[in-house]
Amino acid sequence: MENINKIFYTDKLETHALSGFDFEIHKGDYVSISGPSGCGKSTLLSILGLLDSPTNGKFILNNFDVSNLSVAQRAKIRNREIGFIFQDFNLIGDLTVFQNVELPLTFRNMPKEEREANVIACLAKVGMDKRADHLPSQLSGGQQQRVAVARALVGKPSILLADEPTGNLDSKNGDAVMQLLEELNQEGVTICIVTHDSRYADYAKRIVKLFDGKIVGDLAESNIELYPDKTLENV
Ligand code: ADP
Ligand code: MG
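Every residue gets a number counted from 1 within its own chain, in the order that chain's sequence is written. Here the convention is simple: chains get letters from A, ligands get numbers from 1, in the order in which they are written. Where local features are concerned, this predicted model is filtered to residues with pLDDT of at least 70; where side-chain atom pairs are given and counted, the filter is 80 or more; whole-chain, interface and lining totals use all residues. The basis for every side-chain value is the complete set of non-hydrogen atoms in the structure, without hydrogens or water.

## Focus: helix H3 (residues 97-106)
How we decide: Each residue's exposure class comes from its accessible area (1.4 Å probe, protein chains only) as a fraction of the maximum for that residue type: buried when under 20%, exposed when over 50%, partly exposed otherwise. Helix and strand labels come from DSSP, where a helix needs a run of H or I of at least four residues and a strand needs a run of E of at least two; each type is numbered from the N terminus. Note on contacts: a residue pair is in contact if any heavy atoms of the two residues lie within 4.5 Å.
When you tally the buried positions in H3, you get 7 out of 10 residues, the bulk of the element. Along H3, the positions that sit buried rather than exposed are Val97, Phe98, Asn100, Val101, Glu102, Pro104 and Leu105. Elements that come into contact with the buried residues of H3 comprise helix H2 (71-81), helix H4 (112-125) and helix H5 (141-153).

So this is what it looks like as structure tokens:
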């Protein structure tokens, strides 16, 4: 991302959710984003995930300029490149676990056998293959989030984005989901997660702090400060 701005206009207010935002995520990274409520975390993730577009600025995803795409173009690229995990799981209630995970693949021309093999492999990876025929309402929150992780992974996305994925989970299930994300990253999955919980932010290899739509801290695992001129004070 280069000099990205996102401005929301409402009747009385002009909100600068992201201001002059420069940001780069590399393949294999595990980045956590944190900062106070309203600082622009969800806005950033929506733009990264092609759910929304910036007001202006440049966004390159996998060497492809996605700054100014139509809604239809964004949806097509999103289906191939992005895996999204939400705080409230967002599974479809009248589809089984299997069907929920299969859904992103039904928008592609993938043969049925290949689709099924991918779904089963992803459910096994998150430890939910035994429950393929269950409905979401028959699962605990932690299990539902594991299914949501499988759905996000099944299309082999370039990046996995998660907005407060543990926000609706108790600490035991939250820990299990974070453990799963860590394992996935060790297998090469690129991850960017928004979290309020500093304990969970520390799972990441790189910790980014936002304040008022700007990056005010960016620490790599090695504790080398990437932007030493910016301060973490007031965050
Ligand atoms: P965070 O996720 O860090 O809590 P958000 O990215 O949701 O913050 O919001 C950043 C700022 O943009 C906030 O001031 C919020 O009120 C504003 N905002 C977000 N979405 C909209 C919208 N659709 N319309 C108007 N203002 C918005
Ligand atoms: Mg948010």
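Structure's up, so let's keep going.
## Side note on the nonpolar core
Counted only if it meets this: Residues enter a nonpolar core if they are buried and are Ala, Val, Leu, Ile, Met, Phe, Trp, Tyr or Cys, with the set joined through side-chain atoms within 4.5 Å.
The biggest cluster of nonpolar side chains holds 36 residues, and the ones touching the most others in it are Leu123, Leu160, Leu181 and Leu184. Contributing elements (two or more residues each) for this core: H3, H4, H5, strand S8 (159-163), helix H6 (171-186) and strand S9 (191-194). When residues in this core are grouped by element, the largest group, 6 residues, is from H5. Among residues more than four places away in sequence, those in contact with leucine 160 are Gly83, Ile85, Ala152, Leu153, Leu181, Leu184, Val189, Thr190, Ile191 and Cys192. By size, the runner-up hydrophobic cluster in this structure holds 27 residues, among which are Leu18, Cys39, Ile159 and Val208.

## A closer look at the pattern of salt bridges
The criterion, for reference: One speaks of a salt bridge when a side-chain nitrogen belonging to Lys or Arg is within 4 Å of a carboxyl oxygen belonging to Asp or Glu.
Enumeration over the complete set of coordinates arrives at 7 salt bridges. For lysine 125, the salt bridge goes to glutamate 187, with nearest N and O atoms at 2.6 Å. Here the residue lysine 125 occupies a position in helix H4, and glutamate 187 occupies one in the loop between H6 and S9, the gap between them amounting to 62 residues. Across the pair aspartate 218 and arginine 206 runs a salt bridge whose closest N-O atoms are separated by 2.9 Å. Of this pair, aspartate 218 sits in strand S11 (residues 214-220) while arginine 206 sits in strand S10 (residues 206-211); the two residues are 12 residues apart in sequence, bridging distant segments of the chain. You can call aspartate 218 buried: its relative accessible area is 1%. Put simply, Asp29, Arg206 and Asp218 are held in one network by salt bridges that share partners.

## So, the sheet that holds strand S4 (residues 56-58)
Inclusion rule: Strand pairing is defined by DSSP finding a minimum of two bridges between the two strands. Working convention: axes come from line fits to C-alpha atoms, limited for helices to the stretch in contact. Angles between N-to-C directions cover 0 to 180 degrees.
Pairing within the open sheet is antiparallel, and its 3 strands lie in the order S2-S1-S4. Looking at which strands have only one partner, the edges of the open sheet turn out to be strand S2 (14-21) and S4. Ignoring strand direction, the axes of neighbouring strands in this sheet form an average angle of 15°. Two strands pair when backbone bridges link them, and strand S1 (residues 2-9) and S2 are joined in this way by 5 bridges, in the antiparallel orientation. Among the inter-strand pairings, lysine 6 is bridged to a residue of S2, identified as leucine 18. Contacts from helix H1 (residues 41-48) reach S1 and S2 within the one sheet, and its direction differs from that of S2 by about 65°.

## Some words on the state of the cysteines
Spelled out, the test is: Pairs of cysteine sulfur atoms within 2.5 Å are identified as disulfides in what follows.
Per the counting criterion, the structure on display carries 0 disulfides. With no disulfide of its own, cysteine 39 lies closest to cysteine 192 among cysteine sulfurs, the gap being 12 Å. Look at cysteine 39 and you get buried, because its relative accessible area is 3%.

## So, the packing of aromatic side chains
Going by this rule: Ring geometry is summarised as follows: Phe, Tyr and Trp rings, the Trp one being its six-membered ring, pair when their centres sit within 6.5 Å, and such pairs are stacked at plane angles under 30 degrees, edge-to-face over 60 and tilted between the two.
Inspection of every chain in the model, using the stated rule, returns 3 aromatic pairs. Ring plane angle 15° and centroid distance 4.9 Å describe the contact between phenylalanine 84 and phenylalanine 86, whose orientation is recorded as stacked.

## Focus on the site of ligand 1
To be explicit about the condition: Near residues are defined by distance, with any heavy atom within 4 Å of the molecule or strand qualifying the residue. Counting of polar contacts relies on pairs of N or O atoms within 3.5 Å, with two restrictions inside protein: one atom must be capable of donating a hydrogen and the other of accepting it, and residues adjacent in sequence are counted only when both atoms are side-chain atoms. A 1.4 Å probe and the Shrake-Rupley method give the accessible areas. Residues count as covered only by the protein chains that appear here.
All residues in the neighbourhood of ligand 1 are listed as Phe8, Thr15, Ala17, Pro36, Ser37, Gly38, Cys39, Gly40, Lys41, Ser42 and Thr43. In the model, an oxygen atom of ligand 1 is placed 3.2 Å from a nitrogen or oxygen of the cysteine 39 main chain. Between ligand 1 and threonine 43 there is a distance of 2.5 Å, counted from an oxygen atom to a side-chain nitrogen or oxygen. The protein chains hide 60% of the 570 Å² of surface that ligand 1 would expose on its own.

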